[in-house]
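Chains, contacts and geometry: an overview
Now for the letters of each chain:
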Amino acid sequence: MTERTLILLRHAKAADPDDYATDIERPLAPRGQRDAAAAGVWLKEQGLKPDAVLCSPAVRTRQTLEALGLEAPAVFEHRIYTGPAFDTLELVRQTSVSVSTLLLVGHNPTISDLSNELYSASLDSTGLSTSGLAVHRFAGVWSSLTEARLILEHTARG
């Protein structure tokens, strides 16, 4: 059975919410730009090359994805912005069988909750930090994903 990899990435550090009219408009802070670029370097060092990306449409997640320097097709889905983890898992389950490695760029608590749902107690109670990555692997097809072992966890800092 084919091994599949799901990379969960919490967006990098965002700007102060008080400076923006709506949460979805918040961009990355300068530290976030550096950390997102460091996450891209780490992914490459680990040999993790996504075939496809699911990303929240928020400015900070889009900027995180851009800073990674990847060349995978991306779909921007509002349900990743709003959560919860169950809805996000349903999106993952719709991934094409041709995709071996999927990157999901989103927000907490959804990203950390999803990681914990896939692999019981994979993260501590604080969950993923900004620019935190949880890499899960499983055998099978996306449509039947219910659990996946945690193979790597990393917090990127640039």
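I will try to describe carefully the structure that is included in this document. (Residues numbered from 1 in each chain as written. Predicted model: local features only at pLDDT ≥ 70, side-chain atom pairs only at ≥ 80, totals over all residues. Heavy atoms only, no water.)

1. Digging into unusual backbone geometry
For clarity, the cut-off: Secondary structure elements are defined from DSSP: runs of H or I of at least 4 residues count as helices, runs of E of at least 2 residues count as strands, and each element is numbered from the N terminus. Accessible area is worked out with a 1.4 Å probe on protein chains only. A residue is then buried under 20% of its type maximum, exposed over 50%, and partly exposed in between.
Of the consecutive residues G83 and P84, the connecting peptide bond is found in the cis state with omega at -5 degrees. Position of P84 among the secondary structure elements: in the loop between helix 3 (78–82) and helix 4 (85–93). A cis amide bond, omega 10 degrees, links N108 with the succeeding residue P109. With respect to the helices and strands, the residue P109 is situated in the loop between strand 4 (101–106) and helix 5 (110–118). Its identity is not glycine, yet S131 carries a phi of approximately 65 degrees, on the positive side. Here S131 lies in the loop between helix 5 and strand 5 (132–139). The class for S131 is buried, based on a relative accessible area of 1%.

2. Digging into the nonpolar core
Across soluble globular proteins, nonpolar side chains have a tendency to be buried as a group. For clarity, the cut-off: The criterion is simple. A nonpolar core is a set of buried Ala, Val, Leu, Ile, Met, Phe, Trp, Tyr and Cys residues joined through side-chain atoms within 4.5 Å. Two residues qualify as a contact provided that any one of their heavy atoms is within 4.5 Å of a heavy atom in the partner residue.
Counting residues in hydrophobic clusters, the biggest one holds 21 residues, and the most contacted among them are L6, V92, L102, L104, W142 and L145. Ranked by residue count, the leading element in this core is helix 4, at four residues. With sequence-adjacent residues up to four places away left out, L6 is seen in contact with V92, L102, L104, L118, A134, V135, H136, W142 and L145. Core analysis: the second largest hydrophobic core is formed by 17 residues, L9, L43, V105 and A156 among them.

3. Some details on the packing of aromatic side chains
Cut-off, in case you're wondering: Side-chain rings of Phe, Tyr and Trp, where Trp is taken by its six-membered ring, are said to pair if the distance between their centres is within 6.5 Å; with planes under 30 degrees apart they count as stacked, over 60 as edge-to-face, and otherwise as tilted.
This structure, assessed with the given rule, holds one aromatic pair. A ring pair is formed by F138 and W142, whose centres lie 5.2 Å apart and whose planes are at 75 degrees; its orientation type is edge-to-face. Across this residue pair, the class does not change: F138 and W142 are buried.

4. Topic: the sheet that holds strand 1 (residues 3–10)
So the rule is basically this: For two strands to be treated as a pair, DSSP must find at least two bridges joining them. The axes used here are C-alpha line fits, helices contributing only the stretch in contact, and every angle between their N-to-C directions lies in the interval 0 to 180 degrees.
Strand order in the open sheet made by the six strands is 3-2-4-1-5-6, with mixed pairing throughout. Across the chains shown, the open sheet's two edge strands, defined by having one partner strand only, are strand 3 (74–76) and strand 6 (149–155). Each strand of the sheet is rotated relative to its neighbour by a mean of 15 degrees, with strand direction disregarded. When strand 2 (residues 52–55) meets strand 4, the two strands line up parallel, connected through four bridges.

5. Some words on the packing of helix 4 against helix 5
Which entries qualify depends on this criterion: In these notes the angle categories are as follows: under 35 degrees is roughly parallel, over 145 is roughly antiparallel, 65 to 115 is roughly perpendicular, and the rest is oblique.
It is at 9 Å that the axes of helix 4 and helix 5 come closest, and there the two elements cross at 70 degrees. Of the possible angle classes, the one that applies to helix 4 and helix 5 is roughly perpendicular. Of helix 5, the residues touching helix 4 (which contributes A85, F86, T88 and L89) are T110, D113, L114, E117 and L118.

6. Observations regarding the packing of helix 1 (residues 30–45) against helix 2 (residues 59–68)
Two numbers describe a pair of packed helices, the interaxial angle and the distance between the axes. Applicable threshold: If you view the pair so one helix is near and one far, a crossing is left-handed when the near helix is turned anticlockwise from the far one by less than a right angle, and right-handed when it is turned clockwise. Nonpolar residues are Ala, Val, Leu, Ile, Met, Phe, Trp, Tyr, Cys and Pro. Charged residues are Asp, Glu, Lys and Arg, and all others, Gly as well, are polar.
Axis separation between helix 1 and helix 2 bottoms out at 7 Å; the angle between their running directions is 45 degrees. In this view, helix 1 runs oblique relative to helix 2, as classed from their interaxial angle. The chirality of how helix 1 crosses helix 2 is right-handed. Taking contact as the criterion, the partners of Q33, A36, A37, A39, G40, L43 and K44 in helix 1 are, on helix 2, Q63, T64, A67 and L68. Among the residues forming the contact of helix 1 with helix 2, the class breakdown is six nonpolar, four polar and one charged.

From the geometry alone we can't say anything about function, so treat these as descriptive.
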